[in-house]
Structure formats: C-alpha cells, structure tokens
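Coordinate analysis (summary)
Okay, here's what each chain looks like letter by letter:
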Amino acid sequence: MSDRPRVEIETRALRKSFGPLTVLDGVDFKVRRHQVHALFGPSGSGKSTFLRCLNLLEYPDSGEIFWKGEPVDYRNMRPAELSRHRRKMGMVFQHFHLFPHRKVLDNIIEGPVQVLGTPTRKAREQGMQLLQQVGLEEKAMAWPEQLSGGQKQRVAIARALAMNPEVLLLDEVTSALDVEMISGINELLTGLAAAGMTMVVVTHDLDFARRVADCLCFFDEGRIVESGPPEKVLDRPESPRLIDFLSSFQASEPGTGKMNKGGLYGRPMVKKHK
Amino acid sequence: MNKLQKTPGILSLVLLACLALLPFRVAAGASDMNDSSLRLAMSGAFQPFSTTDAAGKLVGFDADMARELARQMGYAPQLIQTDWAGIQAGLQTGKYDLICGSMAITQQRLEKMLFSLPYYVSGAQIFTRRGNDNLRGSRIGVTEDSTYAHYIEEHPDLFPQVSIFTYGSEAEIVAAMNTDKIDAFVSDRIVGGFYIRQGAAGDIRPWGDLLYREAVGIAARTDSSALIRQVNLALLALVQSGTYEKIYRKWVGTTPDLKLLFSAWGDYARHIPRSDQSIRPAAETQQPVFADSLSSMLPLLARGAVLTLLLSMVTAVTAMGTGALVGIGTVSRQPFLRRVSNGFIWVVRGTPLLVQLFMAYFALATLINRLLGFEAIGALGAAFIALIVNTTAYNAETLRGGITAVDRGQWDAAASIGMTRSKILRRIVLPQAFRDALPSLGNNLVVLIKDTSLVGAITLIELTYVARNVVFQTGQAFLPFLCAAGFYLAMISLVTLGVKALENRLRRSRRALGESI
Ligand SMILES: Nc1ncnc2c1ncn2[C@@H]1O[C@H](COP(=O)(O)OP(=O)(O)O)[C@@H](O)[C@H]1O
Ligand SMILES: [Mg+2]
C-alpha cells in the first residue's frame, strides 16, 4: 500500500525468551511515520520487552529488525553503532529513571552534551525550551527528588526529546502517577502526536488510546493477536482473547478508563521496577 | 660430677658474696605471697629460653628454671606467657610475682626492679656471613625489644655508618638475612647459636668477640626483696645439686661456663646495693625520672605519628583510585577482567594484613630487588604495597556493592539516550554508587588508620611501635599508650568528620560529585 506513511521501524518474527520463559513469540510489527501506535494487553504479555527490543536495550533471540527498510544487524554491533541506533528512539519509562545526582536541566542536557557533542551553552538553551514545552522551566535548577511524579515524567519526556528522536517509545508512562497527574501527561503526549511525533505507546488507558492512536495492537502471550484502527479493535474485536480482555476491563473499572491490572487471565501483575 | 667441687676458689668467693647478700631470714619471703603458688612470667617467644610446645605449654631453659626454682622455694610454679613489650608493666601491676624471662640486668632496670643473682651469662654477639669482614655501611638487624640498637648507636667506631633495622623476633631476623634485607645482626650469643644450629641460616657465623657481657637475672618488684633472697638461695641449691647444669645442657646444648657465672655473681655482689632503701629509687628522684621520660618520649611519639599519618594518607588516596578500578573490574563485561578482579578481592580479603606485610617485605620486595640488582623496595615500599593492596580490595568490594545497588533503570535510561557503557559507568552509575558507598568507604579508611599499627612488624617505626618501645625502655606502662590512643582517636575523628561533611554535601548538592568524577 504505497499511499500509507513510510515505515520507520519494522520487526519480523521477533522472538525472545528469558530462560524457559518465552516472552516474545514471533512479533511482526511496523511503526509508521507520524503515527501513534498503542500496545495493550495483559501484564506479562511482553509489551515492555518488545519496546526494549526495538531500541536494543534487550537483544532478541531471533527475528529481524529493520530501520527505514535497512536490516539492523543487532547480533554484532559495535558500541558506537549501538549508541547511534538507540538514540534514534527516545524512551520514557513507567518509573521515570531520572538521574538523581543531576539537577533537572542537567538531566536533560546529559545526552546532547555527552552523546551528540552539543556545546553546553547551546544544550542548555535547547533544554530550557524543552522545559518550557513541558511546562517546567521554573524547575530547571531543582533536584529530581524535589519534583512530583507528574513533574518527573515531564522531565523524562523532555530528556528523551532532547536527543531529537525520530520515534518515541513510551512504556506505561502514566501507570505510576496519581490520577490527577495523568491527564496532564496525556495532554502533553496528545500535543506531541499532533505535532507529528512518531510514537509507540504501551498503555492501559484505552480511552487515551482511542483518542490518540492511529493503530492499536493487542498483545497476548508474546504475540500481537489483533491490530488495527481503534474503532475496529475496541468496538468490533474478533479474537476471543481480546473480547474476554475488553469485557473484564470494562467490568472492573467502568468509566475511569483504567483497567484493573491484577488478575487478568489469572496472571499476577509483575512489577519490574522499584 | 659437680663443677663446684673443682673450683673451690670461686666457690668461696661466691659463698662470701651470697652471705653478704642473703640474711638468714629466708622465711620472711612468704609474706609476699598469699597462696602457695608462684607466678613467673616469660615471653614464650625467645628460643631456646622460652617457647611453647605443641600443646601450648611453656618450655625452654627459662621455663624449666622457673619450675625448678619455684619448687625449690616450696611453691607451686605457675608460668605466665606475656608479651615482652608489656612484661615489666605486668610485673609492676601485680599480674605475676617474678619475671623469669631472660631479662638482662641493667642499671636502668635496676632503678625499677630487684634482680636475683644472674642465672646465666651471655652477651651481645655480631653474626654475619662468612667472609664479611667489615661492618662499614652494613645493614644491621636487631629485635625491636633489645638493647642492641642503643649499643650500636653508641658505638659508631665499631659500627661505622651502619643502618639499623628492627624486627619482631630472631626468626624474622634470620629470614631477613636469608632474603638480603640485612648484612649482619646483633643478637644474644646463645640465641644466635641456637638459630645457627636450627640450620635456618647456614652460612651465618659469630663475628668477633662478645660486644659486652650480659648477666641475666630474675626480676621482682622493689618491694619483694625477701622473695629475691629466696630465689637466690634456690638458685644456689640448683647449681649445687647439678640440676642447673642438666637444664642448661638440655636447652643450650653446651656445658654451662660456671666460672663465668660465678664471676658474674661476684659483680652482682659488688654492684648491687645491699639494702632495700638504696635499691628503691629515692622518693625525691622519682619525680624527675618520670618527667624526664615523659618529655623525652614525646618527640619519639611524634615521629611515629608522622609515619602513621603518611602511611594512612598516601594509602587512602591511592587505594581510592585503585579500589575504583578493581570495583569497576568486577562489573566489567570482559569475563577475564571480572574473574581477575573478583579473585583479587577474594584473596586479599581472605588473608590477614600481617601476612600480606610479610609477603610484600620478605617475598615480593626481595624478588624485585634481586631481579633489579639493587634495593628498589625497602621496608617503607613494602608497607605501602601491602597497605594499598589491602585497602584496594576493601574499597573495591565496597564499590562493587554500591554499583550493583544502583537501579537497573539508571542503566536503561542512560543507554536509551545513546550513552556507551563506559560513559554510563563514569557519569551515571559510579557517582551514585560512590555516594551510597561513602559511609562504608569512610569505615575502610578508619580500619586502614588502625591497621598501620601492624607495619612495625617489618621494621617501620610507626606510632604503636614507638609506644611499645617507650613502654619497654621506660617501664611507663600507660602514658605512651594513652598518647598513641589519643593520636589515633584524633586522626580517626578528623576522618569521620570529613566523611560526614562530604556526605552532607553530596546530599545537599548531588551535582558536586557528578561534576568532579
Ligand atoms: N530481564 C528479565 N529476566 C527475566 N524475565 C523477564 C525479564 N524481563 C521481563 N521478564 C519476564 O518476561 C515477561 C514479560 O515481561 P514484560 O515484557 O515486562 O511484560 P509486560 O510489559 O507486557 O507486562 C514477564 O513474565 C517478566 O517477568
Ligand atoms: Mg511492562
């Protein structure tokens, strides 16, 4: 389909196991330019691992990754190539992972100065602009521990944006936040999407996904079971798994748009990060 | 056959001496004791006079003499092993009644203690390698607690331009001879002979005559004159009965030179003041003696403190860097580096520092010096090597713990913006690991400062060594140790305060460290 936006990153038959546990069981996926892709599904279905395979924080066991059509030879990459691949994608984590020993602005300019070689002064100017964009310019000289969860996540987003990524990978970025912080972050992400940022969003906030995403992918047991535009995936689900998932989701927390993450398919919620 | 019968002239002289010394009120000595056992102290580290057998029992010439003398005096012998450096203090504080530990009778000691008739005579002897006929510029070994160092310093004619090295024991002196640390040593003639017979030092021979004669006696507190009389009578009885000769032959390996012993008894009769009053230091002289020793020991202690400070500071700074390197090695992606780093930590933390000091001094330094053909690493170098190696291992282990305690998310976040592993370590992980490890690193520093007290074992005159020596020389049991303890406490308090201040600064302004690393 030549009229569709071009593919930035693509995976084919991606597999990954941790010991005996198969986490990714053949994932085929395309990330298209200027589009928002929302991944959802039960806990432990491999969504985070998939994101981490995209920017090679985790190495797949097998399968192929293409960047703009070029195969990524992740099996033997030199550190410089690895660094170049990773910084094409910005990543934001559920638990922020700000550098606690650096002030807010220094968190943001760390990448540009250390990796891209941007002069410190210029990096600071750009950092201040980003802070303004996420609404935190007055916190530039604060320590991360002095910020609220929502503010930390804004800084983390600014830190990712500071590298000028072509794709933004967001892993449950609102899951660790208090309810009143969530809409602010969602607004920020909506704005980024509107500005044309290509995004892959792992989320349990299906209302947000419906509003923002161009494409929804339902993950289950290491596979993409169903994907397509929001209306199709959410309103006319086909696979029994997805129907089951959506009904338990709606039954558990109607109206809030947040799902009860425990107990789906009898799987415990796995908390990976402290 | 009894030697006494063959030397009637000497015997009569001796008997005269004894009559002069020993009023026939022998029973009076019993008032010194409140039970029927007599406590006699010796170091247990002076072969062949006192040592311990496999069962830990004190044996040797002094031990046998102590047992026989006590029995002869009608007491049950109770032998006490105690460190030589504190042996006088123990006597003064009543931990035992007598020192029967090869203590030479000297004027200085006579000011503080009573001595029995000499129970053997030996003397200072130079031992050196065959063919080494000139002592000029030699390195001379002595034991740390002997009077030989003093003698050598007082006789530059006999010992021109020599340097003196002190060791903990004769065994270490022999090891030092065998490893070219020293060219000659001064030791007791009998002791030196003993070690030569042990075969530990094949090509070492006595050199020249006795430097001086030493009469060795049994020491008691100045208020124990009755007890000393009993000892003298018992000694006389043992010599007469031949028991003395039997013990002497058993341990020294030769027949005792009784002529020499008796002439020493004659000296004793001439030189030792008769009455208790004149033996005890007069009341008015006591004060100056005390003040004099106190003021004279301060510069000594200060010198020791300087060395302690130097060792601590240089090691602390160096081991911070090397410890960081090894600590990073333990989380390296190179399996080889990881194994080497972990192995290093395992070995060093699993062996005592004292062993490491000896290995650095006797093995490593010797090897390097022989390879290079000159003395590249002396005692100070060896001490630095051992202390730095030791502290490096502890710092590395501390840092390793700090590094692994840093949240994995920090690695992920830094890697996701394209930082390479080394950059992540240097800029993100290590500053946090260091901050978390700071209290433990400070603790390593405190341990290091205290551990420098061990380098005295390889001839370095640090603070604890000086304190022990001052105690030995002046008999002042508490003040020198008090001074040393105060100095350590001051140093460690400063370090603790410094670390606390740094901790606070990092807590307040975490950037400080991140920027400096
Ligand atoms: N580094 C790892 N080592 C071992 N198991 C892991 C690791 N990372 C994730 N897993 C496991 O893989 C499974 C999928 O995890 P994840 O990708 O985080 O799922 P999701 O994000 O969909 O909840 C889980 O069972 C998790 O425990
Ligand atoms: Mg996840």
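Summarised in this report is the structure supplied together with it. (Residues numbered from 1 in each chain as written. Chains lettered and ligands numbered in written order. Predicted model: local features only at pLDDT ≥ 70, side-chain atom pairs only at ≥ 80, totals over all residues. Heavy atoms only, no water.)

Let's talk about the pairing of strand 8 (residues 198–202) of chain A
Residues and elements named next belong to chain A. Burial runs high along strand 8: five of the five residues are buried. Covered by surrounding structure in strand 8 are T198, V200 and V202 together with M199 and V201, the residues of both alternating faces. Bridge count for strand 3 (residues 36–40) against strand 8 is four bridges, and the pairing is parallel. Within the sheet, the bridge partner assigned to L39 lies in strand 8 and is V202. Bridge analysis of strand 7 (residues 167–171) against strand 8 gives five bridges, and the strand direction is parallel. Paired with V167 across the bridge in strand 8 is T198. (Buried < 20%, exposed > 50% of the residue type's maximum accessible area, 1.4 Å probe, protein only. Helix = DSSP H or I, 4+ residues; strand = E, 2+ residues; numbered from the N terminus. Pairing = 2+ DSSP bridges.)

Observations regarding unusual backbone geometry
Of note, the phi angle at E172 of chain A is positive, near 50 degrees, even though the residue is not glycine. Mapped onto the secondary structure, E172 of chain A falls in the loop between strand 7 and helix 6 (179–194).

Things to note about the pattern of salt bridges
Residue and element names in this part refer to chain B. One pass over the full model with this rule turns up 28 salt bridges over all chains. R129 is paired through a salt bridge with D180; the nearest N and O atoms lie 3.9 Å apart. Taken as a pair, R129 in strand 7 (residues 120–129) and D180 in the loop between helix 7 (170–178) and strand 10 (184–188) lie far apart in primary sequence, 51 residues in all. R129 sits in the partly exposed class, given a relative accessible area of 21%. (Salt bridge = Lys/Arg side-chain N within 4 Å of Asp/Glu carboxyl O.)

With respect to the environment of V142 of chain B
Residues and elements named next belong to chain B. Position of V142 relative to the elements: it lies in strand 8 (residues 139–143). The exposure class assigned to V142 is buried, which follows from its relative accessible area of 0%. Among residues more than four places away in sequence, those in contact with V142 are Y148, A149, I152, I164, F165, T166, Y167, I173 and V186. (Contact = heavy atoms within 4.5 Å.)

A short note on the packing of aromatic side chains
All names here are of chain B. Per the stated rule, a full pass over the model turns up 21 aromatic pairs over all chains. Arranged with centres 4.7 Å apart and planes meeting at 50 degrees, the rings of Y151 and Y212 form a pair that is tilted. Of this pair, Y151 sits in helix 6 (residues 148–154) while Y212 sits in strand 11 (residues 204–221), and the two are 61 residues apart along the sequence. Residues Y244 and Y248 carry aromatic rings whose centres are separated by 6.0 Å and whose planes lie at 35 degrees to one another, so their mutual orientation is tilted. Taken together, the residues Y244 and Y248, both in helix 10 (residues 243–252) and four residues apart, mark about one turn of the helix. (Phe/Tyr/Trp six-rings, centres within 6.5 Å; stacked < 30°, edge-to-face > 60°.)

Focus on the sheet that holds strand 2 (residues 21–32) of chain A
Hydrogen bonding along the main chain pairs the strands of a sheet, whether they run parallel or antiparallel. Residue and element names in this part refer to chain A. Strand order in this open sheet of four strands is 2-1-4-5, and the pairing throughout is antiparallel. The open sheet is flanked by strand 2 and strand 5 (70–71), the only strands paired with a single partner. In the sheet, strand 4 (residues 62–67) pairs with strand 5 via two bridges, with the strands oriented antiparallel. For W67, the partnering residue across the bridge sits in strand 5 and is E70. Packing of helix 1 (residues 47–54) onto the sheet brings it into contact with strand 1 (7–18), strand 2 and strand 4, and relative to strand 1 it is tilted by some 125 degrees. (Axes fitted to C-alpha atoms, helices over the stretch in contact; angles between N-to-C directions.)

Here's the deal with the sheet that holds strand 8 of chain A
Residue and element names in this part refer to chain A. The six strands are arranged 6-7-8-3-9-10 in an open sheet whose pairing can be described as mixed. Looking at the sheet topology across the chains shown, the edges are occupied by strand 6 (89–92) and strand 10 (223–228). Taken pair by pair, the neighbouring strands of this sheet meet at an average axis angle of 20 degrees, ignoring direction. Sheet topology places strand 3 next to strand 9 (residues 215–220); four bridges connect them, and they run parallel. Looking at the pairing, H37 lines up with C215 of strand 9. Those strands touched by helix 5 (residues 149–161) are strand 6 and strand 7, and its axis lies near 170 degrees from that of strand 6. The strands touched by helix 6 are strand 3, strand 7 and strand 8; relative to strand 8, the strand with the most contacts, the crossing angle is about 145 degrees.

A closer look at the interface of chain B and chain A
Contact with chain B, which involves 23 residues of that partner, is made by 28 residues of chain A. Between chain B and chain A, a total of about 2400 Å² is buried, with carbon and sulfur atoms accounting for 54% of that surface. Across the contact surface, chain B and chain A share two salt bridges. Two residues, R427 of chain B and E110 of chain A, come together in a salt bridge whose shortest N-O distance is 2.6 Å. Ranked by the residues each element gives to the side of chain B that touches chain A, the list is headed by helix 17 (residues 408–416) of chain B, at seven residues. Its residues placed into classes, the side of chain B that touches chain A shows seven nonpolar, eight polar and eight charged. (Buried area = accessible area lost by both parts, 1.4 Å probe. Nonpolar A, V, L, I, M, F, W, Y, C, P; charged D, E, K, R; others polar.)

Let's talk about the site of ligand 1
Residue and element names in this part refer to chain A. Neighbouring ligand 1 are 13 residues, the closest being G44, G46, K47, S48 and T49. The separation between an oxygen atom of ligand 1 and a polar main-chain atom of G44 is 2.7 Å. In the environment of ligand 1, an oxygen atom lies 2.7 Å from a nitrogen or oxygen atom belonging to the side chain of S48. Contact with the protein chains covers 72% of the free accessible surface of ligand 1, which is 560 Å². Residue assignment for the shell around ligand 1 shows that the elements contributing at least two residues are strand 2 and helix 1. Looking at side-chain class alone, the shell around ligand 1 contains five nonpolar, six polar and two charged residues. (Near = heavy atom within 4 Å. Polar contact = N/O pair within 3.5 Å; in protein donor to acceptor, adjacent residues only side chain to side chain. Areas by Shrake-Rupley, 256 points an atom, 1.4 Å probe, with all protein chains shown as cover.)

Some thoughts on the environment of S332 of chain B
Residue and element names in this part refer to chain B. Positionally, S332 belongs in the loop between helix 13 (283–329) and helix 14 (335–349). A C-alpha to C-alpha distance of 9.7 Å links S332 and R421, two positions 89 residues apart in sequence. Here Q334 takes part through its backbone nitrogen, which lies 2.8 Å from a polar atom of the side chain of S332.

Everything listed here is a matter of geometry and, on its own, says nothing about what the molecule does.
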